[in-house]
Amino acid sequence: MLNEISYDRKKTVAYAKQWATSRNPKYYSFDGMGGDCTNFASQCVFAGCGVMNYQKDTGWYYNSPSDRTASWSGVEYLHDFLVGNRGPGPFAVETDASGIQPGDLVQLGNGARFYHTPVVVAVEKDGIYVAAHTYDVYMKPLDHYFFSQVRYLHIAGARKWK
């Protein structure tokens, strides 16, 4: 039986702050293979929930560079996992900018596809601030990115087996 657990946004943001401009040696860096942004976003979300989903093709987990799901490091796959997850691990709902909180994710697109997954680290009166890998940033204003599409993923919680 699955038990819903809370998502620790403070742990997510603390992880993002610690690792935004460096790499956690526990995880492979995908910088030379299309970018490390979604891998970093997954690490941050995992820091806030502590639960992976070990479903081979449709889950969300990382054991090594060759033993992980596409959703751990792929922008579209992470979106699909989070909004469709009914099993263990984190789950999300799409919202608008007013529904975003620190610890949530933003995905940026150019019309043809979504290509970047920053982590929200602060929401202030003047805007949303993010951390990201590939082009490493911490507390970058979201409106300093160039994009034609955006989707906001509010992490609603996580589930684990009782």
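Because the structure is a prediction, the values reported are computed rather than measured.

Q: How do you make sense of the overall build of the protein when you look at a structure like this?
A: Counting secondary structure elements, the protein contains four helices and 10 strands. Sequence-ordered secondary structure for the protein, helices as α and strands as β, is β-α-α-β-β-α-α-β-β-β-β-β-β-β. Taking the principal axes of the C-alpha coordinates as reference, the protein spans close to 45 × 35 × 30 Å. In the protein, which comprises 162 residues, the share counted as buried stands at 51%. Residue pairs in contact within the protein that sit at least 24 positions apart in sequence constitute 63% of those at least 6 positions apart. Once the 16 positive and 15 negative side-chain charges of the protein are each reduced to a mean point, those two points are 6 Å apart.

Q: Would you take a moment to explain helix H2 (residues 37-49) for this structure?
A: In an α-helix, one turn spans 3.6 residues; hence positions three or four apart end up facing the same way. When the terminal C-alpha atoms of H2 are compared, their 19 Å separation across 13 residues agrees well with the 18 Å that a helix rising 1.5 Å per residue should span. Considered for burial, the residues of H2 that qualify are Cys 37, Thr 38, Asn 39, Phe 40, Ala 41, Ser 42, Gln 43, Cys 44, Val 45, Gly 48 and Cys 49. Directly after H2, the chain includes Gly 50, whose backbone phi takes a positive value near 70°.

Q: Looking at this structure, I do not really get the environment of Phe 40. What am I missing?
A: Tracing the backbone through its elements, the reader meets Phe 40 in helix H2. A relative accessible area of 0% places Phe 40 in the buried class. Excluding residues that lie within four positions of it along the chain, Phe 40 makes contacts with Tyr 15, Ala 16, Trp 19, Ala 20, Val 119, Ala 131, Ala 132 and His 133.

Q: Explanation requested: the environment of Lys 26 in the structure shown.
A: If you trace the backbone, Lys 26 turns up in the loop between helix H1 (9-19) and H2. Given a relative accessible area of 68%, Lys 26 falls into the exposed group. Placed 53 residues apart in sequence, Lys 26 and His 79 show a C-alpha to C-alpha distance of 23 Å.

Q: Quick question: what am I supposed to make of the pairing of strand E5 (residues 105-109) here?
A: Sheet faces and side chains relate simply in a regular strand, where the side chains alternate between the two faces. Most of E5 is tucked away, with five of its five residues classed as buried. Neither face of E5 is left uncovered, since the one carrying Leu 105, Gln 107 and Gly 109 and the one carrying Val 106 and Leu 108 both have all their residues buried. The pairing of E5 with strand E6 (residues 114-116) spans two bridges and is classified as antiparallel. Across the sheet, Gly 109 pairs through a bridge with Phe 114, a residue of E6.

Q: What am I meant to see in the packing of H1 against H2 here?
A: Two packed helices can be described by the angle between their axes and the distance between those axes. Remark: H1 packs on H2, axes separated minimally by 7 Å, with the N-to-C direction vectors making an angle of 140°. Considering the angle they form, H1 stands oblique to H2. Handedness of the crossing formed by H1 with H2: right-handed. Here H1 contributes Lys 11, Thr 12, Tyr 15, Ala 16 and Trp 19 to the contact with H2, which in turn contributes Phe 40, Gln 43, Cys 44, Val 45, Ala 47 and Gly 48. In terms of residue class, the contact of H1 with H2 is built from seven nonpolar, three polar and one charged.

So, how was this worked out
Residues numbered from 1 in each chain as written. Predicted model: local features only at pLDDT ≥ 70, side-chain atom pairs only at ≥ 80, totals over all residues. Heavy atoms only, no water. Helix = DSSP H or I, 4+ residues; strand = E, 2+ residues; numbered from the N terminus. Buried < 20%, exposed > 50% of the residue type's maximum accessible area, 1.4 Å probe, protein only. Contact = heavy atoms within 4.5 Å. Lys, Arg positive; Asp, Glu negative; His and termini not counted. Charge placed at Lys NZ, Arg CZ, Asp CG, Glu CD. Expected span 1.5 Å × (residues − 1). Pairing = 2+ DSSP bridges. Axes fitted to C-alpha atoms, helices over the stretch in contact; angles between N-to-C directions. Parallel < 35°, antiparallel > 145°, perpendicular 65-115°, else oblique. Left-handed = near helix turned anticlockwise from the far one by under 90°. Nonpolar A, V, L, I, M, F, W, Y, C, P; charged D, E, K, R; others polar.

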